[in-house]
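The chain contents come next:
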Amino acid sequence: MLASLRVRNYRLFASGQIVSNVGTWMQRIAQDWLVLELSGNNPVALGIAAALQFLPTLFLTLWAGVLADRVDKRKLLILVQSGMATSALVLGLLNVTGLVELWQVYLLCLVFGLFTAFDPPVRQSFVAEMVGREHLANAVALNSSTFNLARIVGPAIAGVMIIWTDTGWVFLVNAVSTLAVIIGLLRMNPAELHRTPVTASRRGQLREGLRYVRGRPDIIAVLVLVFCVSTFAFTFFTTLAIAAANVFHREADGYGLLSTLLAVGSFSGALLAVRRSTRRKPGLTLLVGAGFAFGVVEVVAGVMPSYLAFGLALIPCGLAMMTFMNTANSTLQLSVAPEMRGRVMSLYMLVFIGGNPIGAPMTGWMAAEWGGRSPFVIGGLIAAVSTAVCGLVLARRGGIQVRTRLPWVRRAAPVVTPELAPVD
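Residues numbered from 1 in each chain as written. Predicted model: local features only at pLDDT ≥ 70, side-chain atom pairs only at ≥ 80, totals over all residues. Heavy atoms only, no water.

Asks: Lay out the overall build of the chain in plain terms, naming residues and giving numbers.
Replies: Looking only at helices and strands, the chain features 16 helices and zero strands. Across the 424 residues in the chain, those meeting the buried criterion constitute 60%. Once local pairs closer than 6 in sequence are excluded, the contacts in the chain between residues at least 24 apart make up 85%. (Helix = DSSP H or I, 4+ residues; strand = E, 2+ residues; numbered from the N terminus. Buried < 20%, exposed > 50% of the residue type's maximum accessible area, 1.4 Å probe, protein only. Contact = heavy atoms within 4.5 Å.)

Take a look at the structure:
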């Protein structure tokens, strides 16, 4: 289960990520709470902040993938992480000095988003260079484990720190924690990386990547599923804060506890993914099943009557969510040509994160119009229905083999054309 950690470069990367991810989740809690404080608990303001943070993804992520295939990914990650640390530092200093205003938070959300638009596609494609194809699925699962372990610890620490010290010091802690990633990247041995041939700079590389994806219906199917589920149902960065403040009337520590309970489920899902990575490759059946289960459980969570019941329902919700995310990520990474990995993963991150500028304001509007529970119920229904429809299409007409027929299409004839095939 820990095969990837035998690789020294990956150990350095993973250890730095644990520290940095704790700080990142602390900042996420503090940023949401600061926006609510400055806006008078306005859910629309929270949606605007989230939209601004993810808006650059719509315009820059595809170019980040092209850049990842052109340049040294390790050096590019060092630059990106330095920018993210600087953004957190500026917001923290404005906050602790009492000068912070809502427009400044909006602006820094946009600046932070400019750097995070480059980070995921470069980081995702860099994993393959650190561990090679043999341990790729295991490394992806371990990354999710460390991410969600930080998701358990970070919100809990942030909730307590906000009560004791206010939000400003949380941003400063995150700025310092980002140094762990930068130090790990600097200590790596570049000679031990499994580098793919750097793609020479030339015109039309973005179009080349899009043509590659267009010719792969298996990849398109995964991307459609990810877009539908992530845009309308992966909205916890706004909905949990709204639920804590406006539905259950809790303070920052109550919001942090909800985020931690969701992370407990996500961490469990990530550990299961690590275990699966040692036994079999990810498949579309698991992807569709996890997406449908996630949508159903999110609806159930949305109608829970009490704070405790709602929080406990977030645990299976996080487990199904993480199973879906890990399966989608590993399936794509293992199926693309190495020289196209950066561009394909940038498209994956575009559909995964790029829907947030749509989903975040919509979530805030629904919460303001129909109450803080409505985003969970409506988002879960959209996720379940869209996943079921995609599952039917994949099983009947998608040109993709489903090894184990899905329960709701048990009588359908199996499709025998090739499934996601690893490309050497």
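Asks: Before we move on, can you summarise unusual backbone geometry with the specific residues and values?
Replies: We note that Asp166 has phi near 75°; this positive angle belongs to a residue other than glycine. Locating Asp166 in the fold gives a position in the loop between helix H6 (136–165) and helix H7 (168–187). The phi dihedral of His249 falls on the positive side, at around 55°, and the residue is not glycine. By secondary structure assignment, the location of His249 is in the loop between helix H10 (236–247) and helix H11 (252–277).

Asks: I'd like a description of the packing of aromatic side chains, backed by residues and values.
Replies: One pass over the full model with this rule turns up nine aromatic pairs. Summarising the aromatic geometry, the rings of Phe234 and Phe294 are spaced 5.0 Å apart at their centres and angled 75° between planes, so their arrangement reads as edge-to-face. With a gap of 60 residues between them, Phe234 in the loop between helix H9 (217–233) and H10 and Phe294 in helix H12 (residues 284–302) connect regions that are remote in the sequence. Each member of the pair, Phe234 together with Phe294, is buried. With centroids separated by 5.2 Å and ring planes inclined at 80°, the aromatic side chains of Phe310 and Phe376 adopt a geometry described as edge-to-face. One end of the pair, Phe310, is in helix H13 (residues 307–335); the other, Phe376, is in helix H16 (residues 374–396), with 66 residues separating them in the sequence. An aromatic cluster is defined as three or more aromatic residues linked by ring pairs; in this entry it consists of Phe248, Tyr307, Phe310 and Phe376. Geometry around Trp25 places Arg28 over its ring, the cationic atom sitting 5.5 Å from the centre. Directly above the aromatic system of Tyr307 lies the positively charged group of Arg250, at a separation of 4.0 Å from the ring centroid. (Phe/Tyr/Trp six-rings, centres within 6.5 Å; stacked < 30°, edge-to-face > 60°. Lys NZ or Arg CZ within 6 Å of the ring centre and 35° of its normal.)

Asks: Which residues make up the pattern of salt bridges, and what are the values?
Replies: For the structure on display, the rule yields two salt bridges. Put simply, Glu129 and Lys73 hold a salt bridge, and the shortest N to O gap is 2.9 Å. Of the two residues, Glu129 sits in helix H5 (residues 119–131) while Lys73 sits in helix H3 (residues 73–96), which places them 56 residues apart along the sequence. Its relative accessible area of 4% is what places Glu129 among the buried residues. We classify Lys73 as buried; its relative accessible area is 4%. Measuring nitrogen to oxygen at the nearest pair gives 2.9 Å for the salt bridge that ties Arg123 to Asp119. Taken together, the residues Arg123 and Asp119, both in helix H5 and four residues apart, mark about one turn of the helix. Residue Asp119 is classed as buried on the basis of its relative accessible area of 6%. (Salt bridge = Lys/Arg side-chain N within 4 Å of Asp/Glu carboxyl O.)

Asks: Go over the nonpolar core with me, naming the residues and quoting the values.
Replies: Membership of the largest hydrophobic core comes to 88 residues, with the highest contact counts inside it found for Phe236, Leu240, Phe294 and Phe310. The dominant element in this core, judged by the number of residues it contributes, is H13, at 12 residues. With 31 residues, the next largest nonpolar core counts Leu136, Ala137, Leu142 and Val181 among its residues. (Core = buried A, V, L, I, M, F, W, Y, C linked by side-chain atoms within 4.5 Å.)

Asks: Outline the packing of helix H8 (residues 205–214) against helix H14 (residues 341–353), listing residues and values.
Replies: Contact pair H8 / H14: the axes reach a minimum separation of 9 Å and the direction vectors enclose 75°. The angle between H8 and H14 places the two elements in the roughly perpendicular class. Between H8 and H14, the contacting residues are Gln205, Glu208, Gly209, Leu210, Tyr212 and Val213 on the first element and Arg343, Val344 and Leu347 on the second. (Axes fitted to C-alpha atoms, helices over the stretch in contact; angles between N-to-C directions. Parallel < 35°, antiparallel > 145°, perpendicular 65-115°, else oblique.)

Asks: Tell me what's going on with a negative patch on the surface, and back it up with residues and numbers.
Replies: A surface patch of negative charge is lined by Glu37, Asp166, Glu251 and Asp253. The class of Asp253 is partly exposed, set by a relative accessible area of 43%. (Patch = residues over 30% accessible without salt bridge, like charges linked within 9 Å, V, L, I, M, F, W, Y side chains within 5 Å. Areas by Shrake-Rupley, 256 points an atom, 1.4 Å probe, with all protein chains shown as cover. Lys, Arg positive; Asp, Glu negative; His and termini not counted. Charge placed at Lys NZ, Arg CZ, Asp CG, Glu CD.)

Asks: Can you explain H12? Please cite residues and give values.
Replies: The end-to-end C-alpha distance of H12, which contains 19 residues, comes to 27 Å, matching closely the 27 Å that a straight helix rising 1.5 Å per residue would cover. Listing the buried residues of H12 in full gives Leu284, Leu287, Val288, Ala290, Gly291, Phe294, Gly295, Glu298, Val299, Ala301 and Gly302. (Expected span 1.5 Å × (residues − 1).)

By themselves, these are just geometric observations and shouldn't be taken as functional.
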